[in-house]
Amino acid sequence: MKPEIHPKYSEINVTCSCGSAFKTQSTLGKNLTIEVCSECHPFYTGKQKIVDTAGRVEKFRQKYGMK
């Protein structure tokens, strides 16, 4: 590798809007605030919203007169 061409890689604190915080390394050089993390994202928490696709299909059929 060529010397002096790579950015400085330092430890930063990442804080989520849910209150969770963790440390990571980044070239950003300053602390980071995010909106969603693995502690509050529905995919990781198992609290996903179930979409009522059958109800949507029925509404579409009623709206456009399809049976």
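To be clear, the structure that these remarks concern was listed above.
Since this is a predicted model, take the numbers as computed values, not measurements.

Colleague: Please explain the sheet that holds strand 1 (residues 10-16) as it appears in this structure.
Modeller: Within a sheet, adjacent strands bond to each other through the backbone by hydrogen bonds, running parallel or antiparallel. Across the sheet, three strands lie side by side as 2-1-3; this open sheet has mixed pairing. Looking at which strands have only one partner, the edges of the open sheet turn out to be strand 2 (21-26) and strand 3 (32-34). For this sheet, the mean angle separating the axes of adjacent strands, direction not counted, is 35°. Bridge count between strand 1 and strand 2: six bridges; the pairing is antiparallel. What sits directly across from glutamate 11, in strand 2, is glutamine 25.

Colleague: Explanation requested: the pattern of salt bridges in the structure shown.
Modeller: A side chain of one charge can pair with a side chain of the opposite charge if their charged atoms are brought near each other. Taken as a whole and judged by the stated rule, the model has one salt bridge. With a closest N to O distance of 3.8 Å, lysine 23 and glutamate 11 form a salt bridge. Of this pair, lysine 23 sits in strand 2 while glutamate 11 sits in strand 1, and the two are 12 residues apart along the sequence. Summarising the burial analysis for this pair, lysine 23 and glutamate 11 share the class exposed.

Colleague: I tried to follow the pairing of strand 1 on my own but got confused; where do I start?
Modeller: Remember that side chains alternate between the two faces of the sheet whenever the strand is regular. Hairpin connection between strand 1 and strand 2: a loop of four residues separates the two successive antiparallel strands, and glycine 19 in this loop has a positive phi of roughly 105°. Both strand 1 and strand 3 contribute to a ladder of three bridges, which runs parallel. In the strand pairing of strand 3, cysteine 16 is matched with isoleucine 34.

Colleague: What exactly am I supposed to notice about the side chain of serine 26 here?
Modeller: For serine 26, the position within the fold is in strand 2. A distance of 2.9 Å separates the side chain of serine 26 from the backbone nitrogen of leucine 28, its partner in a polar contact. The residues touching serine 26, leaving out its near neighbours within four places in the chain, are Lys8, Tyr9, Ser10 and Ile12.

Colleague: Is there a simple way to explain unusual backbone geometry in this structure?
Modeller: Trans is the prevailing form of peptide bonds, just as negative phi is the prevailing case for residues other than glycine. Phi is positive for glutamate 4, close to 65°, though the residue is something other than glycine. Of the residues examined, glutamate 4 reaches a relative accessible area of 84% and is grouped as exposed.

Colleague: When you look at the state of the cysteines in this model, what are you seeing that I'm missing?
Modeller: For the structure on display, the rule yields zero disulfides. Residue cysteine 37 stays outside any disulfide, its sulfur separated by 3.5 Å from that of cysteine 16, the closest cysteine. Of the residues examined, cysteine 37 reaches a relative accessible area of 8% and is grouped as buried.

The rules we used
Note that residues are indexed from 1 along each chain, following the sequence as it is written. The predicted origin of the model limits local features to residues at a pLDDT of at least 70 and limits the giving and counting of side-chain atom pairs to 80 or more, whereas totals for whole chains, interfaces and linings rest on all residues. The side-chain quantities take in all heavy atoms of the structure and omit both hydrogens and water. Paired strands are those between which DSSP finds at least two bridges. The helix and strand labels rest on DSSP assignments: H or I over at least four residues marks a helix, E over at least two residues marks a strand, and numbering proceeds from the N terminus. Whenever a helix is involved, its axis is fitted only over the stretch in contact; in every case the axis is a line through C-alpha atoms, and angles between N-to-C directions fall within 0 to 180 degrees. Whenever a carboxyl oxygen of Asp or Glu lies within 4 Å of a side-chain nitrogen of Lys or Arg, that contact is scored as a salt bridge. Here the term buried applies to any residue with accessible area under 20% of the maximum for its type, exposed to any over 50%, and partly exposed to those in between, with areas from a 1.4 Å probe on protein chains only. Side-chain atoms alone can form a polar contact between residues adjacent in sequence; in general such a contact is a pair of N or O atoms within 3.5 Å, and within protein one must be able to donate a hydrogen while the other accepts it. Throughout, a residue-residue contact means that at least one pair of heavy atoms, one from each residue, lies within 4.5 Å. In this description, a disulfide is simply a cysteine sulfur pair whose atoms lie within 2.5 Å.

Any functional reading would require information that these geometric values do not contain.
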